[in-house]
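Structure at a glance
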Amino acid sequence: MIVLKFGGTSVSSKSNLEQIATILSAKTENFIVVVSAFSGITNKLEQIANLSLHGNHSILLEEFRNFHFEFIKELVSEFHQIELFVEVQQKCNQLEAICESVGTLKELSDRTRATILSFGESLSSIIVQKYLSVNTKNSIKVNLLDSKKIISTTTNESKDYLNAHLDLEKTTRNILAIVGVPTNDIQNKNYIAAGFVAHNQKGETVTLGRGGSDFSAAIYANTIDATRLEIWSDVNGMQSANPRKVQATQSLQKLSYKEAFEMAYFGAKVLYPPSILPVMDKNIPLYLKNTFSPEQEGTFISNENKLTENKIQGICSLDEIAIITVSGVGLAKQKGSARRVFQILEEANINIILITQSSSEQSIGIGINQSELQNAEEALNSAFEKEIKRGLMNEVKTIENQCIVAIVGDNMKNAIGLAGKVFGAIGENGINVTAIAQGASERNISIVINKKDEEKALNVIHEKFFASTVKNVHVFIAGIGNVGTEFINILFAQKQKLIEEYQINLKIIGVANSKKMLFNHSSETFEKVEELTKEDVLKFKQKKENKNAKTYSSLNEYFQTIKELNLRNSVFIDNTASDIVSEGYEFLIKNSISVVTCNKIACSSEYSTYLKLNKLAKDRNIYFKYETSVGAALPILKTIYDLRISGDKINQIEAVISGSLNFIFNNYNAENQFADVVLQAKEEGYTEPNPLIDLSGLDVMRKILILSRESGLNKELSDITFNSFLPDECTNSKSVEELFENLKKNENHFKALYQNAHKNGNKLKVVAKMEKGNLSVALKEIPSNSPFYNLEGKDNVVAINTNRYVDEPLVIKGAGAGAAVTASGVFADLMFIMNN
Ligand SMILES: NC(=O)C1=CN([C@@H]2O[C@H](COP(=O)(O)OP(=O)(O)OC[C@H]3O[C@@H](n4cnc5c(N)ncnc54)[C@H](O)[C@@H]3O)[C@@H](O)[C@H]2O)C=CC1
Ligand SMILES: N[C@@H](CC=O)C(=O)O
């Protein structure tokens, strides 16, 4: 004989009941079907109970009656309706009488509440029984078992009416007395029973707790030694995480009883936790199935060992949690002190969800429902009043608005590095851990964190452990100029490939220019943001109308919004040349948002800032990447890092590291105009937004400074020796237009520079040098035998001498400017972060 339970959504429409009839008629064994109340009915009864206290229950009671009448009309022919109408009317009359006496007495005890709540299942079982026996397609005769009379519970304490304790022995006797010892020989000996309801020793109606219909079904299964229990709902069994909170969850095909219990206990609502014990006790296989997709495998729960190879089976969470810390020297080495704490809480009727204790024994952390916090705090402070006064104990400390994230799996036991992976993943995302608990079984690691980080933590851990889960990366951009636009092009060109081949989904969540920011959000509060499309971003760049593009008061508003969105795997990309943007890095990194930048300002400002940003990122286990700040996408910083980490020492660097200046001096021949060549370099995207930054030597100085710092030197811009090749009039230009005017006026100066070099058979190059700890930048005449002489176009070259590269330097050469190459370098930095 088997037991099947159908939940509220499964029994709530004619087509659903047809589906159930089909499922039942395919069964080759006799069965007991347990049903919940119709969808939403138990909540309605809760409301009716609450309203009856003030005599305001009539309208809802009428709705309750009408709902059942209408449903009956839909389900069965007129001939059968009368009988059911009478049942409903009688039950509603009883309900009304109870509600009226509640209103008169102004008292709603748990005993009365349990009776009111029981009407939902009482009616659904009768109506479904009728439907099954009279429907024309798959008519099935089922006998009604009166759960209220046959499921017995043990205690009569007032608190137990809504969560009664099962008397298994008595219940077994009751059930077997009706069902008999089950055998498959007797055909058509099938039953239907209401879930959730039972009686106590006084014969009063009690309930088995919300979700208790699963428990009822498990009780029936246990008492008749069922060959299986099937729990049917509207989902494909247990999921690896709550699909409302985690993207791309997976159905779990196999679980052990203990895993299933942990998952259910920590919030997997597809199964009511107490239901596990009755089936585990008799080793009855338990199946979680989907009424609407019966062909799906669902989840199979049993005692079998080694059901799966998965280290982690699922991740779940419980919110509305508070942590209470009981501490003090009086706790240490005091036998029975922990027992006392728990006894106080038990007497105050507080449910303990999680416990942690430090090995010094001086503090115990206890996780409870937030709604019980005040009672718990008062009970402990008053019970320990004397010890607190004597200084042996501290007043209890409380932390509110927490949640518990639980990672569950039998195979976590002995899985080396697993906990490190979990904590690494949440730490990298800036999630603070309030408390940790792990049972000796190692089946569950429970982590207490702030409730605001719940979804972020669940998703981060899920993405880390479920290989086929696509990892979402949330990208925030500042600057959509030359480099920024190319970056967007690359990102959207690669997006699909990255999803398919690397399971990485790059989502642009925000963009900002110097005045506005854009997020794809539907509410003012930014509660839910969607990714921006390429079209959104390009329209924003073109300054086209968009209701979501918001003029910010300062860029801090953009940074603040990024922080408050609190999205996992957040990366900020700076494609500007702005100091205001670079000033925001510290805030972002402190909030665990990685930064990728091609903007040189931060890394070439004070050495202390450069050091602080790198240290902050390291401390938070996130990334600050700026490879493109020198030589565009050439792997220069990476090479210096690799050399140093392998024990080498950078002794000297000689480099041409201005793409624009190399382009300008390669293309200027004194027959054309110097200003025109500079303009061409600007138009081709090699110069800074203001070319004076290149021509004044500042860009090259910033780069050699960054190279020296990466090589281990503590240097400032003021330490660099530099003789400007620009006439003062050009250097003092107040705007880009003025600069071009002044360049034209000073054409003869540039002509002379060129002609002097040319006459000697030399080329002009701006060379940066780090030698014996000194830094210099100078415009030099390069003779034809120099390796730098043939450096074409906008190319860069960096020659590095080290302890290992002594006679011949290690040389890195290639395009050192240009929007497309730079954007590819920015993208590579982003991918580095994702891959690490
Ligand atoms: N072009 C190249 O070859 C290379 C450029 N870089 C760096 O790339 C960065 C960008 O260069 P381009 O794209 O050529 O400049 P661009 O002038 O074309 O673009 C800069 C963008 O930044 C935006 N912006 C300026 N101030 C802002 C602020 N306060 N907040 C938000 N956005 C702001 C502007 O609206 C513009 O969209 C520069 O820092 C440059 O040094 C680095 C390596 C090579
Ligand atoms: N303006 C820069 C661009 C890259 O940093 C250059 O000319 O090299």
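What comes next is a walk through the structure. What you see is a predicted model; the values in this text were computed from it and never measured.

Description of the overall build of the protein chain
- When helices and strands are counted, the protein chain shows 30 helices and 30 strands.
- What you see for the protein chain is a C-alpha radius of gyration of 36 Å, clearly larger than the 28 Å of a compact globule of 836 residues, by over 25%.
- With respect to the principal axes defined by its C-alpha atoms, the protein chain has extents near 115 × 70 × 55 Å.
- Sequence-distant contacts, at least 24 apart, represent 73% of the contacts inside the protein chain between residues at least 6 apart.
- Accessible area for the protein chain stands at about 37200 Å²; split by element, carbon and sulfur atoms hold 48% of it.
- Of the charged side chains in the protein chain, 90 are positive and 97 negative, and the gap between their average positions amounts to 2 Å.

Things to note about the site of ligand 2
- What surrounds ligand 2 is the set K600, I657, S658, G659, S660, Y686, T687, E688, D694, D699, K703 and G816.
- Here E688 contributes a side-chain N or O atom positioned 2.8 Å from a nitrogen atom of ligand 2.
- Contact distances for ligand 2 include 2.8 Å between an oxygen atom and a side-chain N or O atom of K703.
- Of all the elements in the fold, those that place two or more residues in the shell around ligand 2 are helix 23 (659-667) and helix 26 (698-710).
- For the shell around ligand 2, a count of residues per class yields two nonpolar, five polar and five charged.

Focus on the site of ligand 1
- Taken together, 25 residues lie near ligand 1, and V483, T576, K600, E688 and G818 sit nearest.
- For ligand 1, an oxygen atom lies 2.6 Å from a polar atom in the backbone of T576.
- Contact with the protein chains hides 85% of the accessible area of ligand 1, taken as 830 Å² for the molecule alone.
- Counted by class, the shell around ligand 1 contains ten nonpolar, 13 polar and two charged residues.
- The residues that make up the shell around ligand 1 include at least three from each of domain 3 (471-632 + 827-835) and domain 4 (636-814).

Observations concerning the sheet that holds strand 26 (residues 720-722)
- Overall, mixed pairing links the six strands, which are arranged 26-28-27-25-29-30 in an open sheet. Either end of the sheet is taken by a strand with one partner, and the two such strands are strand 26 and strand 30 (810-815). On average, adjacent strands in this sheet sit at an angle of 20 degrees to one another, irrespective of strand direction.
- Bridging between strand 25 (residues 650-656) and strand 27 (residues 763-771) involves four bridges; their strand directions are antiparallel. Paired with Q652 across the bridge in strand 27 is E771.

Points about the side chain of D167
- Among the secondary structure elements, D167 is positioned in the loop between helix 6 (147-150) and helix 7 (168-179).
- The charged side chain of D167 is buried without a salt bridge, its nearest counter-charge being K170 at 5.4 Å.
- With residues up to four places along the chain from it excluded, the contact list for D167 reads S152, T153 and T154.

Topic: the environment of V581
- Structurally, V581 can be placed in helix 19 (residues 579-582).
- For V581, the contacting residues outside a window of four places in its chain are A478, L555, F559, F572, D574 and T576.

Examining the sheet that holds strand 8 (residues 254-256)
- In spatial order, the strands read 3-4-2-1-7-9-10-8; together these eight strands make up an open sheet with mixed pairing. Strands at the two margins of the open sheet, each flanked by one partner only, are strand 3 (143-145) and strand 8. Strand-to-strand twist in this sheet, taken as the mean axis angle between neighbours without regard to direction, amounts to 20 degrees.
- Of the pairings in the sheet, the one linking strand 3 to strand 4 (residues 191-194) comprises three bridges and is parallel in character. Counterpart to L144 in the pairing with strand 4 is I192.
- In the packing of helix 1 (residues 14-25) onto the sheet, contacts are made with strand 1 (2-6), strand 2 (31-35) and strand 7 (228-233), and the angle to strand 1 comes to roughly 170 degrees.

Topic: the packing of helix 2 (residues 41-52) against helix 3 (residues 58-75)
- Running from amino to carboxyl end, helix 2 crosses helix 3 at an angle of 155 degrees, the nearest separation of the two axes being 9 Å. The pairing of helix 2 with helix 3 is recorded here as roughly antiparallel in orientation. Classified by chirality, the crossing of helix 3 by helix 2 is left-handed. Residues I41, K44, L45, Q47, I48 and L51 of helix 2 form the contact with helix 3, whose participating residues are L60, L61, E63, F64, F67 and H68.
- Classifying every residue of the contact of helix 2 with helix 3 by side-chain character gives eight nonpolar, two polar and two charged.

Some remarks on the packing of helix 3 against helix 5 (residues 110-134)
- Contact geometry for helix 3 and helix 5: axes closest at 11 Å, N-to-C directions at 10 degrees. Taken together, the axes of helix 3 and helix 5 lie roughly parallel to each other. Only F119, L123, I127 and Y131 of helix 5 make contact with helix 3, whose side of the interface consists of F64, H68, I72 and L75.
- Here the residues of the contact of helix 3 with helix 5 sort into seven nonpolar, one polar and no charged.

Overview of helix 18 (residues 555-565)
- Looking at helix 18, one finds that the buried residues are L555, Y558, F559, T561, I562 and L565. The arc that holds the buried residues of helix 18, viewed along the axis, is 160 degrees, so those residues lie on one side. Residues of helix 18 that are exposed and point over 90 degrees away from its buried face: N556 and E564.

Cut-offs used in this document
Residues numbered from 1 in each chain as written. Chains lettered and ligands numbered in written order. Predicted model: local features only at pLDDT ≥ 70, side-chain atom pairs only at ≥ 80, totals over all residues. Heavy atoms only, no water. Helix = DSSP H or I, 4+ residues; strand = E, 2+ residues; numbered from the N terminus. Rg over C-alpha atoms; globule rule 2.2 N^0.38 Å. Contact = heavy atoms within 4.5 Å. Areas by Shrake-Rupley, 256 points an atom, 1.4 Å probe, with all protein chains shown as cover. Lys, Arg positive; Asp, Glu negative; His and termini not counted. Charge placed at Lys NZ, Arg CZ, Asp CG, Glu CD. Near = heavy atom within 4 Å. Polar contact = N/O pair within 3.5 Å; in protein donor to acceptor, adjacent residues only side chain to side chain. Nonpolar A, V, L, I, M, F, W, Y, C, P; charged D, E, K, R; others polar. Domains from an automatic or database assignment. Pairing = 2+ DSSP bridges. Axes fitted to C-alpha atoms, helices over the stretch in contact; angles between N-to-C directions. Buried < 20%, exposed > 50% of the residue type's maximum accessible area, 1.4 Å probe, protein only. Salt bridge = Lys/Arg side-chain N within 4 Å of Asp/Glu carboxyl O. Parallel < 35°, antiparallel > 145°, perpendicular 65-115°, else oblique. Left-handed = near helix turned anticlockwise from the far one by under 90°. Arc of directions from axis to C-beta.

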